[in-house]
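# Chain and residue survey
Here are the chains, one letter per residue:
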Amino acid sequence: MTDWIDTALRYVQAAGAAIDSVGMTIAIAILASILAAVGGISGMRYRLYGAVVGGMIANVVVKAMGGGFMPALAAMLGITLVGAVLGSTPLLVVLIKRMGRARRGG
Amino acid sequence: MLPDWYREMAAATGPSMVPGFANADVAIAAVAVFAVFLVVTVALQSQWTLDVAFVALVAGGLAVTWPAMTAITAAALVVLATVSFAHKALWPERQARIDADAGRRASSAVASIAQDAGLDPAEVQRVLREAPKGPR
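Predicted model only: the values in this text are computed from it and were never measured. (Residues numbered from 1 in each chain as written. Chains lettered and ligands numbered in written order. Predicted model: local features only at pLDDT ≥ 70, side-chain atom pairs only at ≥ 80, totals over all residues. Heavy atoms only, no water.)

## Quick notes on the pattern of salt bridges
For side chains of opposite charge, pairing can occur when their charged atoms come near one another. Residues and elements named next belong to chain A. Taken as a whole and judged by the stated rule, the model has three salt bridges over all chains. Asp 6 is the partner of Arg 10 in a salt bridge, and the nearest nitrogen-oxygen pair spans 3.7 Å. One end of the pair is Arg 10 and the other is Asp 6, both in helix H1 (residues 2-19) and four residues apart, which spans about a single turn. When its relative accessible area of 48% is taken as the criterion, Arg 10 is described as partly exposed. By relative accessible area, Asp 6 is classed as partly exposed at 41%. (Salt bridge = Lys/Arg side-chain N within 4 Å of Asp/Glu carboxyl O. Helix = DSSP H or I, 4+ residues; strand = E, 2+ residues; numbered from the N terminus. Buried < 20%, exposed > 50% of the residue type's maximum accessible area, 1.4 Å probe, protein only.)

## Some points on the packing of helix H1 (residues 4-12) of chain B against helix H2 (residues 23-44) of chain B
Residue and element names in this part refer to chain B. Packing of H1 against H2 brings their axes to within 6 Å, and their N-to-C directions diverge by 105 degrees. Looking at the two axes, H1 sits roughly perpendicular to H2. When H1 is examined against H2, the residues Tyr 6, Met 9 and Ala 10 are found in contact with a partner set consisting of Ala 24, Asp 25 and Ile 28. Considered class by class, the residues forming the contact of H1 with H2 number five nonpolar, no polar and one charged. (Axes fitted to C-alpha atoms, helices over the stretch in contact; angles between N-to-C directions. Parallel < 35°, antiparallel > 145°, perpendicular 65-115°, else oblique. Contact = heavy atoms within 4.5 Å. Nonpolar A, V, L, I, M, F, W, Y, C, P; charged D, E, K, R; others polar.)

## A closer look at the interface of chain A and chain B
With 21 residues of chain A at the contact, the number on the chain B side is 21 residues. Taking both sides of the interface into account, the surface hidden between chain A and chain B amounts to around 1800 Å²; carbon and sulfur atoms contribute 76%. Counting across the interface, chain A meets chain B through one salt bridge. B:Asp51 serves as the salt-bridge partner of A:Arg45, at 2.8 Å between the closest nitrogen and oxygen. Sorting elements by how many residues they give to the side of chain A that touches chain B places helix H3 (residues 44-64) of chain A first, with 10 residues. For the side of chain A that touches chain B, the per-class residue count stands at 15 nonpolar, three polar and three charged. (Buried area = accessible area lost by both parts, 1.4 Å probe.)

So yeah, pure geometry; function would need other evidence.
Quick look at the structure:
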(Lines give C-alpha, C1' and ligand atoms only; values in the text may rest on other atoms or scores of the structure.)
Protein backbone atom coordinates (compact mmCIF):
# COMPACT_ATOMS: atom_id res chain seq x y z
CA MET A 1 0.00 0.00 0.00
CA THR A 2 2.78 2.43 0.97
CA ASP A 3 4.71 1.44 -2.18
CA TRP A 4 1.67 2.34 -4.25
CA ILE A 5 1.35 5.72 -2.52
CA ASP A 6 5.08 6.34 -2.91
CA THR A 7 4.90 5.54 -6.64
CA ALA A 8 1.86 7.81 -7.08
CA LEU A 9 3.61 10.68 -5.28
CA ARG A 10 6.69 10.24 -7.48
CA TYR A 11 4.51 10.47 -10.60
CA VAL A 12 2.83 13.63 -9.23
CA GLN A 13 6.27 15.08 -8.52
CA ALA A 14 7.39 14.23 -12.07
CA ALA A 15 4.26 15.93 -13.45
CA GLY A 16 5.00 19.02 -11.37
CA ALA A 17 8.59 19.05 -12.60
CA ALA A 18 7.38 18.81 -16.21
CA ILE A 19 4.98 21.76 -15.86
CA ASP A 20 7.54 23.64 -13.72
CA SER A 21 5.18 26.54 -12.99
CA VAL A 22 2.83 26.98 -10.01
CA GLY A 23 0.91 29.64 -11.94
CA MET A 24 0.19 27.33 -14.87
CA THR A 25 -0.88 24.53 -12.52
CA ILE A 26 -3.30 26.86 -10.73
CA ALA A 27 -4.59 28.17 -14.07
CA ILE A 28 -5.29 24.63 -15.29
CA ALA A 29 -7.01 23.79 -12.00
CA ILE A 30 -9.22 26.90 -12.26
CA LEU A 31 -10.03 26.07 -15.89
CA ALA A 32 -11.03 22.53 -14.88
CA SER A 33 -13.20 23.94 -12.09
CA ILE A 34 -14.93 26.35 -14.49
CA LEU A 35 -15.56 23.56 -17.00
CA ALA A 36 -16.96 21.38 -14.21
CA ALA A 37 -19.13 24.23 -12.94
CA VAL A 38 -20.54 24.91 -16.41
CA GLY A 39 -21.17 21.21 -16.93
CA GLY A 40 -22.72 21.01 -13.48
CA ILE A 41 -25.51 23.33 -14.65
CA SER A 42 -26.88 20.27 -16.49
CA GLY A 43 -26.29 17.80 -13.66
CA MET A 44 -23.63 15.82 -11.75
CA ARG A 45 -22.76 13.66 -14.77
CA TYR A 46 -21.83 16.70 -16.88
CA ARG A 47 -19.97 18.24 -13.93
CA LEU A 48 -17.75 15.14 -13.99
CA TYR A 49 -17.42 15.42 -17.80
CA GLY A 50 -16.24 19.03 -17.42
CA ALA A 51 -13.73 18.07 -14.72
CA VAL A 52 -12.40 15.21 -16.89
CA VAL A 53 -11.96 17.59 -19.85
CA GLY A 54 -9.98 19.91 -17.57
CA GLY A 55 -7.92 16.92 -16.44
CA MET A 56 -7.21 15.99 -20.05
CA ILE A 57 -5.91 19.53 -20.64
CA ALA A 58 -3.48 18.94 -17.77
CA ASN A 59 -2.61 15.59 -19.34
CA VAL A 60 -1.71 17.14 -22.70
CA VAL A 61 0.29 19.94 -21.05
CA VAL A 62 2.41 17.49 -19.03
CA LYS A 63 3.04 15.35 -22.13
CA ALA A 64 3.92 18.41 -24.25
CA MET A 65 6.37 19.58 -21.54
CA GLY A 66 8.22 16.26 -21.70
CA GLY A 67 6.50 14.33 -18.92
CA GLY A 68 5.82 10.63 -19.48
CA PHE A 69 2.52 8.77 -19.71
CA MET A 70 2.26 7.99 -15.99
CA PRO A 71 3.08 11.52 -14.69
CA ALA A 72 0.53 12.85 -17.22
CA LEU A 73 -2.05 10.36 -15.91
CA ALA A 74 -1.30 11.43 -12.33
CA ALA A 75 -1.76 15.10 -13.32
CA MET A 76 -5.02 14.29 -15.10
CA LEU A 77 -6.45 12.47 -12.07
CA GLY A 78 -5.35 15.23 -9.68
CA ILE A 79 -6.77 18.08 -11.75
CA THR A 80 -10.00 16.13 -12.40
CA LEU A 81 -10.45 15.67 -8.65
CA VAL A 82 -9.81 19.36 -7.96
CA GLY A 83 -12.19 20.39 -10.76
CA ALA A 84 -14.95 18.03 -9.61
CA VAL A 85 -14.67 19.22 -6.00
CA LEU A 86 -14.42 22.96 -6.67
CA GLY A 87 -16.53 23.20 -9.84
CA SER A 88 -19.91 24.50 -8.78
CA THR A 89 -22.34 27.35 -9.50
CA PRO A 90 -21.14 29.41 -6.49
CA LEU A 91 -17.65 29.35 -8.05
CA LEU A 92 -19.06 30.85 -11.27
CA VAL A 93 -20.89 33.50 -9.22
CA VAL A 94 -17.67 34.41 -7.36
CA LEU A 95 -15.71 34.65 -10.64
CA ILE A 96 -18.44 36.79 -12.31
CA LYS A 97 -18.51 39.14 -9.30
CA ARG A 98 -14.73 39.48 -9.42
CA MET A 99 -14.85 40.20 -13.15
CA GLY A 100 -17.55 42.84 -12.59
CA ARG A 101 -15.52 44.47 -9.81
CA ALA A 102 -12.38 44.47 -11.97
CA ARG A 103 -14.27 46.02 -14.89
CA ARG A 104 -15.80 48.73 -12.68
CA GLY A 105 -12.46 49.47 -11.01
CA GLY A 106 -10.44 49.41 -14.22
CA MET B 1 -3.73 -8.48 -42.52
CA LEU B 2 -3.06 -4.72 -42.43
CA PRO B 3 -1.53 -3.08 -45.54
CA ASP B 4 2.20 -2.24 -45.50
CA TRP B 5 1.59 1.52 -45.93
CA TYR B 6 -0.57 1.55 -42.79
CA ARG B 7 2.00 -0.43 -40.78
CA GLU B 8 4.75 2.00 -41.86
CA MET B 9 2.58 5.03 -41.05
CA ALA B 10 1.61 3.60 -37.64
CA ALA B 11 5.23 2.77 -36.79
CA ALA B 12 6.22 6.34 -37.67
CA THR B 13 3.76 7.71 -35.07
CA GLY B 14 5.69 5.99 -32.29
CA PRO B 15 4.66 3.63 -29.48
CA SER B 16 1.67 4.34 -27.27
CA MET B 17 1.12 3.48 -23.61
CA VAL B 18 -0.56 0.22 -24.73
CA PRO B 19 2.19 -2.39 -25.27
CA GLY B 20 2.45 -3.58 -28.85
CA PHE B 21 0.29 -0.79 -30.30
CA ALA B 22 1.35 2.42 -32.01
CA ASN B 23 -0.19 5.85 -31.36
CA ALA B 24 -2.07 5.64 -34.67
CA ASP B 25 -3.61 2.26 -33.74
CA VAL B 26 -4.91 3.52 -30.39
CA ALA B 27 -6.09 6.85 -31.83
CA ILE B 28 -8.04 5.24 -34.68
CA ALA B 29 -9.59 2.67 -32.33
CA ALA B 30 -10.65 5.38 -29.85
CA VAL B 31 -12.23 7.58 -32.53
CA ALA B 32 -13.96 4.55 -34.11
CA VAL B 33 -15.51 3.47 -30.79
CA PHE B 34 -16.52 7.09 -30.10
CA ALA B 35 -18.16 7.40 -33.53
CA VAL B 36 -20.11 4.13 -33.21
CA PHE B 37 -21.44 4.87 -29.73
CA LEU B 38 -22.22 8.50 -30.63
CA VAL B 39 -24.36 7.32 -33.55
CA VAL B 40 -26.12 4.82 -31.25
CA THR B 41 -26.68 7.59 -28.67
CA VAL B 42 -28.25 9.88 -31.25
CA ALA B 43 -30.37 7.11 -32.77
CA LEU B 44 -31.64 5.64 -29.49
CA GLN B 45 -31.44 8.83 -27.34
CA SER B 46 -29.78 6.77 -24.59
CA GLN B 47 -27.44 8.18 -21.96
CA TRP B 48 -25.16 5.24 -21.15
CA THR B 49 -23.90 4.97 -24.75
CA LEU B 50 -22.82 8.64 -24.55
CA ASP B 51 -20.86 7.76 -21.41
CA VAL B 52 -19.13 4.88 -23.26
CA ALA B 53 -18.28 7.19 -26.18
CA PHE B 54 -16.80 9.78 -23.82
CA VAL B 55 -14.82 7.18 -21.85
CA ALA B 56 -13.44 5.70 -25.09
CA LEU B 57 -12.19 9.12 -26.14
CA VAL B 58 -10.64 9.82 -22.73
CA ALA B 59 -9.00 6.38 -22.52
CA GLY B 60 -7.60 6.79 -26.03
CA GLY B 61 -6.24 10.23 -25.19
CA LEU B 62 -4.56 8.98 -22.03
CA ALA B 63 -2.79 6.20 -23.92
CA VAL B 64 -1.21 8.29 -26.70
CA THR B 65 1.30 11.14 -27.03
CA TRP B 66 0.18 14.76 -27.17
CA PRO B 67 0.22 15.17 -31.01
CA ALA B 68 -1.98 12.09 -31.27
CA MET B 69 -4.27 13.58 -28.57
CA THR B 70 -4.64 16.68 -30.73
CA ALA B 71 -5.48 14.51 -33.73
CA ILE B 72 -8.04 12.53 -31.69
CA THR B 73 -9.70 15.76 -30.53
CA ALA B 74 -9.89 17.15 -34.08
CA ALA B 75 -11.27 13.85 -35.43
CA ALA B 76 -13.84 13.65 -32.62
CA LEU B 77 -15.03 17.20 -33.39
CA VAL B 78 -15.43 16.29 -37.08
CA VAL B 79 -17.41 13.17 -36.13
CA LEU B 80 -19.58 15.18 -33.73
CA ALA B 81 -20.30 17.86 -36.35
CA THR B 82 -21.11 15.24 -39.01
CA VAL B 83 -23.47 13.31 -36.73
CA SER B 84 -25.14 16.57 -35.59
CA PHE B 85 -25.76 17.72 -39.16
CA ALA B 86 -27.02 14.29 -40.18
CA HIS B 87 -29.39 14.19 -37.17
CA LYS B 88 -30.70 17.64 -38.01
CA ALA B 89 -31.26 16.59 -41.64
CA LEU B 90 -32.94 13.27 -40.80
CA TRP B 91 -34.97 14.28 -37.72
CA PRO B 92 -35.53 18.07 -37.87
CA GLU B 93 -38.51 18.07 -35.46
CA ARG B 94 -36.60 16.09 -32.83
CA GLN B 95 -33.59 18.41 -33.24
CA ALA B 96 -35.85 21.46 -32.82
CA ARG B 97 -37.27 19.97 -29.56
CA ILE B 98 -33.74 19.28 -28.26
CA ASP B 99 -32.59 22.82 -29.18
CA ALA B 100 -35.61 24.40 -27.49
CA ASP B 101 -35.10 22.33 -24.33
CA ALA B 102 -31.38 23.20 -24.23
CA GLY B 103 -32.16 26.88 -24.78
CA ARG B 104 -34.68 26.90 -21.90
CA ARG B 105 -32.24 25.19 -19.52
CA ALA B 106 -29.38 27.52 -20.49
CA SER B 107 -31.53 30.67 -20.16
CA SER B 108 -32.83 29.77 -16.70
CA ALA B 109 -29.35 28.76 -15.49
CA VAL B 110 -27.72 31.95 -16.83
CA ALA B 111 -30.48 34.12 -15.34
CA SER B 112 -30.10 32.41 -11.94
CA ILE B 113 -26.30 32.81 -11.95
CA ALA B 114 -26.55 36.44 -13.10
CA GLN B 115 -29.02 37.27 -10.32
CA ASP B 116 -26.80 35.57 -7.73
CA ALA B 117 -23.89 37.63 -9.08
CA GLY B 118 -25.88 40.84 -8.55
CA LEU B 119 -26.21 41.83 -12.20
CA ASP B 120 -29.07 44.03 -13.36
CA PRO B 121 -32.01 41.70 -14.30
CA ALA B 122 -33.07 43.99 -17.18
CA GLU B 123 -29.53 43.82 -18.60
CA VAL B 124 -29.55 40.03 -18.26
CA GLN B 125 -32.86 39.82 -20.16
CA ARG B 126 -31.51 42.08 -22.91
CA VAL B 127 -28.41 39.90 -23.33
CA LEU B 128 -30.51 36.72 -23.37
CA ARG B 129 -32.87 38.16 -26.03
CA GLU B 130 -29.95 39.16 -28.24
CA ALA B 131 -27.95 35.93 -27.71
CA PRO B 132 -28.26 33.22 -30.45
CA LYS B 133 -30.88 30.62 -29.48
CA GLY B 134 -28.78 27.40 -29.82
CA PRO B 135 -27.31 25.86 -33.01
CA ARG B 136 -28.93 26.89 -36.32
